[in-house]
Amino acid sequence: ISLEKIKSSKPYQLLQVSPETEIIGFMFTTDLEDNRIAEAYNTGDQFSAATVKLINNLKAGRLVTLDLIKIKKDGKEIKIASKVFTIIP
């Protein structure tokens, strides 16, 4: 995914669910330049302040993982498959 696209995306776009889907929460994870991993948990359909900061500091070549994704479907909480992106220029 391009740096520009990830910066302009909403959670439902990155999680690949319809805008009508009720998002309960998800973890945003990325690798950092010093080989550490940064994580930020998000509740609902908005990015947390910590996730926004991580997104704004992303660089090409970094990996982004969205996991622990929970949505509500047919009145039940379900977990869906993780999403993984490589950031490109």
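Conventions used here
- Each chain has its residues counted from 1, following the order in which its sequence is written.
- Only residues with pLDDT of at least 70 get local features here, since the model is predicted, and only at 80 or more are side-chain atom pairs given and counted; chain-wide, interface and lining totals rely on the full set of residues.
- Values reported for side chains reflect all heavy atoms of the structure, with hydrogen atoms and water molecules removed beforehand.
- Only protein chains enter the accessibility calculation, which uses a 1.4 Å probe; a residue whose area is less than 20% of its type maximum is buried, one above 50% is exposed, and one in between is partly exposed.
- Comment: elements are numbered from the N terminus, with helices defined as DSSP H or I runs of at least four residues and strands as E runs of at least two.
- A pair of strands is considered paired only if DSSP assigns at least 2 bridges between the two.
- Put simply, a salt bridge is a Lys or Arg side-chain nitrogen that is within 4 Å of an Asp or Glu carboxyl oxygen.
- Residue contacts follow a heavy-atom distance rule, with two residues in contact if any of their heavy atoms lie within 4.5 Å.

### Section: the pairing of strand S1 (residues 22-31)
Turning to step 1, where the next piece is worked out: Within S1, seven of the ten residues are buried, which leaves the element mostly enclosed by the surrounding structure.
Turning to step 2, where the next piece is worked out: Bridging between S1 and strand S3 (residues 63-73) involves seven bridges; their strand directions are antiparallel. In the strand pairing of S3, Glu22 is matched with Lys72.
Turning to step 3, where the next piece is worked out: With seven bridges joining them, S1 and strand S2 (residues 37-43) adopt antiparallel strand pairing. Each residue of the ladder has a partner; that of Met27, found in S2, is Tyr41.
Turning to step 4, where the next piece is worked out: With antiparallel pairing between neighbouring strands as the criterion, S1 and S2 make up a hairpin whose turn holds five residues, including Asn35 at a positive phi of roughly 70 degrees.

### Topic: the pattern of salt bridges
Turning to step 1, where the next piece is worked out: For the structure on display, the rule yields four salt bridges.
Turning to step 2, where the next piece is worked out: One salt bridge connects Glu33 with Lys59, and the closest N-O pair in it is separated by 3.9 Å. Of the two residues, Glu33 sits in the loop between S1 and S2 while Lys59 sits in the loop between helix H3 (49-56) and S3, which places them 26 residues apart along the sequence.
Turning to step 3, where the next piece is worked out: For Asp34, the salt bridge goes to Arg36, with nearest N and O atoms at 2.6 Å.

### Notes on the environment of Leu14
Turning to step 1, where the next piece is worked out: Here Leu14 shows up in helix H2 (residues 11-15).
Turning to step 2, where the next piece is worked out: Each C-alpha atom, one on Leu14 and one on Phe85, is 9.2 Å from the other, the two residues being 71 residues apart in sequence.
Turning to step 3, where the next piece is worked out: Among residues more than four places away in sequence, those in contact with Leu14 are Ile1, Ile6, Ser9, Phe47, Leu66, Lys83 and Phe85.

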